[in-house]
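If you want the building blocks of each chain, they are given just below.
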Amino acid sequence: MAEKLKMLKPSALKGLLYNKKVIVSLSIFLAFVLWLVIITQENPMRERTFTNLTLNVNMENTFASENSMNIVGDISSQKFSVVVRGPSYVVSSLRPEDLTVYVSAASVDEPGQYKLDVVATRSSSNYEVLSVSPSTVKVEFDYFDTKEFTVKADAKGATAVNGLIAEAGIVSGIEGDILKVTGPRSKLNQISSAMAVCNVNRVLSSTETFDAEINLFDENGKKISLENISLNAENVKVKVPISKKKTVPVVADFTNLPSGFDKSSIKYTIDHAKVDVIGAPEIIDKTEKITLSAIDVSTLSLTNKTFAVTPKLPEGVRLIDNFETFEVTINTNNYELDK
């Protein structure tokens with residue numbers, strides 16, 4: 001049996017040597033081993049440049065982080081290049097994520113702009129960092145606050161057809177018309193007012209709603225950039241009400257009258273006998289008078305004949321002069337009344 005095996009070995013080896021698949025695989029393996037030996041023994045050095053690297057800011061255990069300061073602006077938009085040097089087989093296998101480009105906020109002790117040195121760290125000690133470009137960067141730090149402003153509407157160029165009135169715009173898309181603005185404290189301190197602005201620039205015959213954008217202004221009316229600022233406003237709109245104005249008489253009303261008494265026979269004067277009302281055209285056209293709240297005539301006397309009463313306005317109608325009360329004085333002549 002042993003003799004048969006000895007006789008088979010040369011033929012088996014010969015078969016392997018003439019097998020193309022075995023020869024190709026063996027050649028590739030030997031070539032790789034040879035390349036590895038050459039690279040390892042000769043150890044050629046190589047430089048390589050990595051570009052488009054983003055910057056990190058180390059704020060750990062700094063005054064800035066302990067006092068809730070943040071970076072103003074988007075530092076990720078600035079890109080950096082790093083040159084490394086090391087053995088060719090090491091440098092060739094490096095990836096951009098093996099390098100970390102950063103600045104330290106250790107020197108930041110108050111809000112402001114700082115010129116900081118840019119440093120690159122490596123993933124191992126098998127190569128070295130030769131340079132970082134740019135080597136410095138300006139970074140601004142500030143406290144971030146939130147302030148609230150009441151938003152007013154500015155419907156530019158909105159007019160109404162003859163006989164109607166284009167009223168001041170009404171803001172929607174912001175809860176309670178209160179705008180919350182978040183950003184650097186130094187910038188928020190400049191804001192004096194907030195407006196929802198839309199460009200209408202045409203004549204309107206009915207109420208319409210327009211898309212608007214938020215504008216912030218300083219105390220001098222200068223527009224403030226929204227850069228580095230966030231708002232709690234999305235899909236802000238401005239409604240431009242188209243209304244009609246009309247002058248109508250004011251009439252008094254009475255209650256608790258004696259049975260069979262005709263209240264139209266009561267003589268009285270009102271401090272504002274006529275008023276200007278405004279509202280939607282279709283409602284104003286139907287409004288012929290404004291009736292006041294009823295006066296209890298059982299309280300009428302020679303010494304109590306002037307009453308302050310409120311108007312009863314139809315829904316959607318308001319007084320231009322915005323009177324809260326009217327004084328009605330009843331003429332007590334020809335009436336027998338208690339003193």
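Note that the structure is a prediction, hence the values are computed from the model and not measured. (Residues numbered from 1 in each chain as written. Predicted model: local features only at pLDDT ≥ 70, side-chain atom pairs only at ≥ 80, totals over all residues. Heavy atoms only, no water.)

**Topic: the overall build of the chain**
Moving on, step 1. A count of helical and extended segments in the chain gives six helices and 26 strands.
Moving on, step 2. Within the chain, the fraction of its 339 residues that count as buried is 30%.
Moving on, step 3. Here the contacts in the chain between residues at least 6 apart in sequence split such that 74% fall between residues at least 24 apart. (Helix = DSSP H or I, 4+ residues; strand = E, 2+ residues; numbered from the N terminus. Buried < 20%, exposed > 50% of the residue type's maximum accessible area, 1.4 Å probe, protein only. Contact = heavy atoms within 4.5 Å.)

**A short note on the packing of aromatic side chains**
Moving on, step 1. In the structure shown here, the tally under the stated rule is three aromatic pairs.
Moving on, step 2. Here the aromatic rings of Phe-323 and Phe-326 are separated by 5.7 Å at their centres, their planes lie at 75°, and the arrangement is edge-to-face.
Moving on, step 3. Relative accessible area serves as the criterion here: at 25%, Phe-323 is assigned to the partly exposed category. (Phe/Tyr/Trp six-rings, centres within 6.5 Å; stacked < 30°, edge-to-face > 60°.)

**Focus: the sheet that holds strand β20 (residues 268-270)**
Moving on, step 1. Read from one edge of the open sheet, three strands run β20-β26-β23, paired in antiparallel fashion. The sheet terminates laterally at β20 and β23 (306-309), the two strands that pair on one side only. On average, each strand axis in the sheet is tilted by 25° relative to the strand beside it, whichever way the strands run.
Moving on, step 2. Both β20 and strand β26 (residues 326-330) contribute to a ladder of three bridges, which runs antiparallel. Residue pairing in the sheet places Ile-270 in a bridge with Val-328 of β26. (Pairing = 2+ DSSP bridges. Axes fitted to C-alpha atoms, helices over the stretch in contact; angles between N-to-C directions.)

**Things to note about the environment of Val-91**
Moving on, step 1. With respect to the element layout, Val-91 can be found in helix α4 (residues 88-91).
Moving on, step 2. Counting along the chain gives 35 residues from Val-91 to Asn-126, while the straight-line C-alpha distance between them is 8.7 Å.
Moving on, step 3. Contacts of Val-91, omitting those with residues within four sequence positions, involve Arg-46, Arg-48, Val-84, Arg-85 and Gly-86.

**Concerning unusual backbone geometry**
Moving on, step 1. A cis amide bond, omega -5°, links Ser-133 with the succeeding residue Pro-134.
Moving on, step 2. Positive phi, close to 70°, is recorded for Asn-228, a residue that is not glycine.
Moving on, step 3. Inspection of the secondary structure puts Asn-228 in the loop between β16 (223-224) and β17 (230-231).
Moving on, step 4. The exposure class of Asn-228 is partly exposed, given its relative accessible area of 32%.

**Thoughts on the sheet that holds strand β8 (residues 128-133)**
Within a sheet, adjacent strands bond to each other through the backbone by hydrogen bonds, running parallel or antiparallel.
Moving on, step 1. With antiparallel pairing, three strands are arranged side by side in an open sheet as β1-β4-β8. Each end of this open sheet is capped by a strand with a single partner; those strands are β1 (45-53) and β8. Going across the sheet, the axis of each strand differs from the next one's by a mean of 20°, ignoring polarity.
Moving on, step 2. Here seven bridges tie β1 to strand β4 (residues 80-87), and the two strands are oriented antiparallel to one another. Paired with Leu-53 across the two strands is Phe-80, which belongs to β4.

**Concerning the confidence of the model for the chain**
Moving on, step 1. Per-chain confidence: the chain averages 88 in pLDDT, with 87% of residues scoring 70 or above.
Moving on, step 2. This model gives residues 1-8 a pLDDT under 50, and the stretch forms zero contacts once residues within four places in sequence are excluded. (pLDDT = per-residue confidence, 0-100.)

**Structural notes on the environment of Ala-155**
Moving on, step 1. Mapped onto the elements of the fold, Ala-155 is located in strand β9 (residues 136-160).
Moving on, step 2. The sequence separation of Ala-155 and Thr-209 amounts to 54 residues, and the corresponding C-alpha distance is 9.9 Å.
Moving on, step 3. Other than its neighbours up to four places away in sequence, Ala-155 contacts Cys-198, Val-200, Val-238 and Val-240.

**Considering the pattern of salt bridges**
Moving on, step 1. Under the defined criterion, the tally for this structure stands at 10 salt bridges.
Moving on, step 2. One salt bridge connects Lys-156 with Asp-154, and the closest N-O pair in it is separated by 3.0 Å.
Moving on, step 3. Judged by relative accessible area, which is 37%, Lys-156 ranks as partly exposed.
Moving on, step 4. Between Asp-285 and Lys-244 there is a salt bridge whose closest N-O contact spans 2.7 Å. Taken as a pair, Asp-285 in the loop between α6 (281-284) and β22 (290-296) and Lys-244 in strand β19 (residues 242-255) lie far apart in primary sequence, 41 residues in all.
Moving on, step 5. A relative accessible area of 43% means that Asp-285 is categorised as partly exposed.
Moving on, step 6. Classification of Lys-244 as partly exposed rests on a relative accessible area of 26%. (Salt bridge = Lys/Arg side-chain N within 4 Å of Asp/Glu carboxyl O.)

**Comments concerning the nonpolar core**
Moving on, step 1. The biggest cluster of nonpolar side chains holds 27 residues, and the ones touching the most others in it are Val-82, Val-84, Val-101, Val-118 and Phe-141.
Moving on, step 2. Counting only elements with at least two residues in this core, the list comes to β1, β4, α4, β5 (100-104), β6 (112-117) and β9.
Moving on, step 3. The element best represented in this core is β9, accounting for four residues.
Moving on, step 4. Contact partners of Val-118, with chain neighbours within four places excluded, come to Leu-55, Phe-80, Val-101, Tyr-102, Val-103, Val-132, Pro-134, Ser-135, Thr-136 and Val-137. (Core = buried A, V, L, I, M, F, W, Y, C linked by side-chain atoms within 4.5 Å.)

**Looking at the side chain of Glu-167**
Moving on, step 1. Checked against the element boundaries, Glu-167 lands in the loop between β10 (165-166) and β11 (170-172).
Moving on, step 2. For Glu-167, a relative accessible area of 17% corresponds to the buried category.
Moving on, step 3. Setting aside residues up to four positions removed in sequence, Glu-167 forms contacts with Val-240, Pro-241, Ser-243, Ile-278 and Arg-318.

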